[in-house]
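Listed below are the residues making up each chain.
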Amino acid sequence: MSQVNVYPPSAEFVERANVSGMEAYKALYKRAAEKPEEFWGELAKEKISWMEPFSHVFEWEPPFAKWFVGGKTNACFNCVDRHVLAGHGEKVALLFEGEPGDTRKVTYSELLADISRFANGLLKLGVKTGDRAIIYMPMIPEAVVAMLACARLGVTHSVVFGGFSSEALKARIQDLGAKLVITADGGWRRGKEIKLKPAVDEALNDCPTVESVVVCARTKGSVEMVHGRDHWWHAVEAGQSENCPAVPLDSEHPLFVLYTSGTTGKPKGILHTTAGYLLQAAMTMEWVFDLKADDIYWCTADIGWVTGHSYIVYGPMSRGATQIIYEGAPDTPGFDRWWKIVAHFKATVFYTSPTAIRALIRQGNQWPEAHDLSSLRLLGSVGEPINPAAWEWYYNVIGKGRCPIVDTWWQTETGTILIAPMPGAVPLKPGSGTLPMPGVMADVVDLDGNSVGANQEGYLIVRRPWPSMVRTIWGDPQRFQDQYWSRLPGNYFTGDAARRDEDGYFWVLGRVDDVLNVSGHRLSTMEVESALVRHPAVAEAAVVGKPHEITGQSVCCFVTLKKGDFDHEALGKELRQWVGHEIGAFARPEEIRFSDALPKTRSGKIMRRLLRELVTNNTVAGDVTTLEDLSVITKLAAQHDDEA
Ligand code: WT7
């Protein structure tokens, strides 16, 4: 094995850390492993404000878990009211910067007033506890207000990333049976208005459950409003009282559903509930981000992804953090936009993705070097494995060799970070998420569920439920069981491959299923394939991930066409657009390859493994004995050589 650099925390960092030194980490881990119910029960009492206490900590009827059974609380109350009541109302919650350069500061008191007025306005529209709302918004403070207003009322929210198309939006509204859609005219991205409302209008042609649409005026672009259905945000909150009691909700009340790609064409609605999710989001803020009262925290994710839920809204806000929210692109107007923001607001903690880091590396060191980044004390990474070269750049050029990097492994389903270093305790190894959080019994196993030896590859699993675990797939408990719990009964199957080294450090290697990771965004090959075959010219499609220098993977499609005369170049362009229309711009394939046939087994299954090998190595060396027509592979490879 190649030599790995090890970075222990500095004495200065250890001294101020929430968890100081390896012994402290080990003690926490041991306590949680030996007495999980006491461990989580005590933390839940300490960190969460309860409206009614829970009677017991944990119930487990595999694969369905309940945490803090019988308790009543409210996530919004814990994220806002709690801090105001404790005398921190004047503390800044949000430091907002819009892409055009407009800024806003929102204190916890102001946020409470905004949320309460808006929630009262929603009540007037007839929204009730237990209803579902879709949120389709740009990264502006109102997006946070919308989520927390829903949480306050016990309305289950599902945020749909603004980059999803109206088709994708429609599927999510329908699956959820949403009654309310909260959106905006649009948002700013790379100097352009990205319109959102027209996509909502298009989606709503087929969504009979939706009664109201609330539209926030962000860009002030032209918008069509449907009488009786659509309401401006400012009209909804106008004249409403700043007093709106947070509804006491069961610990297991559905807080949000977030759709993510699975191995079929249909996205899964990942359900998270209230108390367990909130507790683990709060704890990981302390353990992984080492959050302090005076931190200026910045997570660059969009609220449309789980990172935005757990590490912009529920984690930082439940701990009363001050955080930066930025609306736009990192390269607008220049490649130093993020570093300007860090310097301007004196950010102390910065959390982003390896894709973003690699894209910025390519632009050169002059961009970060032009700004004073000395306020930073801790850096984070999420979404995909970070390659050691990108890690070293992040560490040296952004962190100036002073800031630990927390490489955080988790998933939409895990709700919060499961594997990551506690930065004042665990020595870092570039590319490794290091060690599991307390209470997380992660392991690397073979197909029979036996732990594999040091440095052996295997499946990453979790042996026991944890508080922020997905509770079910919305409307499809059978799929929940099949997807995560059937392979190794009683254990949670992550879908990732990993190895543990001689120090027990986890190295996540990537997905073992047909799920792609493009720029840290999950995409299913089947979803893209189904989109492609909906195009009238396409007979068959097979989609695989191709290693990509910046985005980790890119979408590569093999397409066979129906009979006819096609201009391949024009059609290739059209199909890329088509996938953008069917799913969203971020899913647009990098490459479309046309072929007379696709490699299949005798039973007719497309051999994606061979295609993966082909796009990675330009040739196929693996076992092809089950392949029906070997010439297909030869032709696909030759075609690529012609084009190259
Ligand atoms: C998948 C989850 C977690 C929020 C963003 C993505 C990959 C995520 C890491 C990491 C290696 C990582 C895994 C995982 N992944 N973080 N630090 N190192 N791989 O959430 O869309 O649910 O995707 O992203 O493959 O299973 P997601």
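On a predicted model such as this, the values are computed, not experimentally measured, just so you know. (Residues numbered from 1 in each chain as written. Predicted model: local features only at pLDDT ≥ 70, side-chain atom pairs only at ≥ 80, totals over all residues. Heavy atoms only, no water.)

**A word on the site of the ligand**
At step 1: Taken together, 18 residues sit near the ligand, with Asp 407, Thr 408, Thr 412, Asp 496 and Arg 522 positioned nearest.
At step 2: Within the backbone of Glu 384, a nitrogen or oxygen atom sits 3.4 Å from a nitrogen atom of the ligand.
At step 3: Contact between the ligand and Pro 385: a nitrogen atom at 3.5 Å from a main-chain N or O atom of the residue.
At step 4: Secondary-structure elements contributing two or more residues to the shell around the ligand are helix H11 (306-318), strand S20 (405-408) and strand S25 (506-511).
At step 5: By residue class, the composition of the shell around the ligand is six nonpolar, seven polar and five charged. (Near = heavy atom within 4 Å. Polar contact = N/O pair within 3.5 Å; in protein donor to acceptor, adjacent residues only side chain to side chain. Helix = DSSP H or I, 4+ residues; strand = E, 2+ residues; numbered from the N terminus. Nonpolar A, V, L, I, M, F, W, Y, C, P; charged D, E, K, R; others polar.)

**Re the side chain of His 535**
At step 1: Within the secondary structure, His 535 is located in the loop between helix H17 (525-533) and strand S28 (538-548).
At step 2: Separated by 2.7 Å, the side chains of His 535 and Glu 574 make a polar contact.
At step 3: Ignoring any residue separated from it by four or fewer positions in sequence, one finds His 535 in contact with Leu 571, Glu 574, Leu 575 and Trp 578. (Contact = heavy atoms within 4.5 Å.)

**Looking at the nonpolar core**
At step 1: Core analysis: the largest hydrophobic core is formed by 162 residues, its most contacted members being Phe 289 and Tyr 314.
At step 2: Considering each element in turn, this core owes the most residues, ten residues, to helix H6 (residues 141-153).
At step 3: Both domains that meet at this core, namely domain 1 (107-254) and domain 2 (519-643), each give it at least three residues.
At step 4: Residue contacts for Tyr 314: discarding those within four places in its chain leaves Ala 75, Cys 79, Met 147, Leu 148, Ala 151, His 157, Leu 255, Phe 256, Tyr 277, Leu 278, Ala 281 and His 309.
At step 5: In this structure, Tyr 326, Ile 357, Ala 390 and Val 397 belong to the second largest nonpolar core, which totals 31 residues. (Core = buried A, V, L, I, M, F, W, Y, C linked by side-chain atoms within 4.5 Å. Buried < 20%, exposed > 50% of the residue type's maximum accessible area, 1.4 Å probe, protein only. Domains from an automatic or database assignment.)

**Quick notes on the sheet that holds strand S17 (residues 322-326)**
At step 1: In space, the seven strands of this open sheet follow the order S5-S4-S17-S16-S18-S19-S20, with mixed pairing throughout. At either margin of the open sheet sits one strand with a lone partner, and together these are strand S5 (103-107) and S20. Across the sheet, the mean angle separating the axes of adjacent strands is 20° when strand polarity is ignored. (Pairing = 2+ DSSP bridges. Axes fitted to C-alpha atoms, helices over the stretch in contact; angles between N-to-C directions.)

**Concerning unusual backbone geometry**
At step 1: Looking along the chain, the bond that leaves Pro 62 and enters Pro 63 is cis, with omega of 0°.
At step 2: In this structure, Pro 63 sits in the loop between strand S1 (56-61) and strand S2 (64-69).
At step 3: The omega torsion of the bond from Thr 332 to Pro 333 falls at 0°, within 30 degrees of zero and hence cis.
At step 4: Despite not being glycine, Phe 68 shows a phi value in the positive range, around 55°.
At step 5: With respect to the helices and strands, the residue Phe 68 is situated in strand S2.

**Digging into the domain arrangement of the protein**
At step 1: What the domain assignment lists for the protein is domain 1 (107-254) and domain 2 (519-643).
At step 2: Between the C-alpha centres of domain 1 and domain 2 there is a distance of 37 Å.
At step 3: In this assembly, eight residues from domain 1 lie in contact with eight residues from domain 2.
At step 4: Here domain 1 and domain 2 share an interface that buries about 510 Å² over both sides, 54% of which is from carbon and sulfur atoms.
At step 5: Area buried by domain 1 at its contact with domain 2 is led by Phe 164, Ser 165 and Glu 167, which between them contribute 56% of it.
At step 6: Viewed at the interface, domain 2 and domain 1 are joined by zero salt bridges.
At step 7: Summed over the shared surface of domain 1 and domain 2, the number is four residue pairs in polar contact (both at pLDDT 80 or more).
At step 8: Here the element with the most residues in the side of domain 1 that touches domain 2 is helix H7 (residues 166-176); it accounts for three residues.
At step 9: Residue classes in the side of domain 1 that touches domain 2 are distributed as three nonpolar, two polar and three charged. (Buried area = accessible area lost by both parts, 1.4 Å probe. Salt bridge = Lys/Arg side-chain N within 4 Å of Asp/Glu carboxyl O.)

**Regarding the pairing of strand S22 (residues 457-462)**
At step 1: As paired elements, strand S21 (residues 442-445) and S22 share four bridges and run antiparallel to each other. In the strand pairing of S22, Asp 443 is matched with Ile 461.
At step 2: Looking at chain direction, S22 and strand S24 (residues 492-500) are connected through five bridges and run antiparallel. Each residue of the ladder has a partner; that of Gly 458, found in S24, is Ala 498.

**A word on the sheet that holds S25**
At step 1: In spatial order, the strands read S21-S22-S24-S25; together these four strands make up an open sheet with antiparallel pairing. The open sheet terminates on both sides in strands that have one partner only, identified here as S21 and S25. Across the sheet, the mean angle separating the axes of adjacent strands is 45° when strand polarity is ignored.

**With respect to the state of the cysteines**
At step 1: For the structure on display, the rule yields zero disulfides.
At step 2: Summary of cysteine pairing: Cys 79 is not part of a disulfide, and the nearest cysteine sulfur, belonging to Cys 76, is at 7.0 Å.
At step 3: As a non-bridged cysteine, Cys 150 has Cys 76 as the owner of its nearest cysteine sulfur, 10 Å distant. (Disulfide = S-S within 2.5 Å.)

**Thoughts on the packing of helix H4 (residues 75-88) against H6**
At step 1: Look at H4 against H6: their axes get within 7 Å of each other, and the N-to-C directions meet at 120°. Here H4 is positioned oblique relative to H6, judged by the angle of their axes. Seen from above, H4 lies across H6 with left-handed handedness. For the pair formed by H4 and H6, the contact residues are Ala 75, Cys 76, Phe 77, Cys 79, Val 80 and Asp 81 on the first element and Leu 148, Ala 151 and Arg 152 on the second. (Parallel < 35°, antiparallel > 145°, perpendicular 65-115°, else oblique. Left-handed = near helix turned anticlockwise from the far one by under 90°.)

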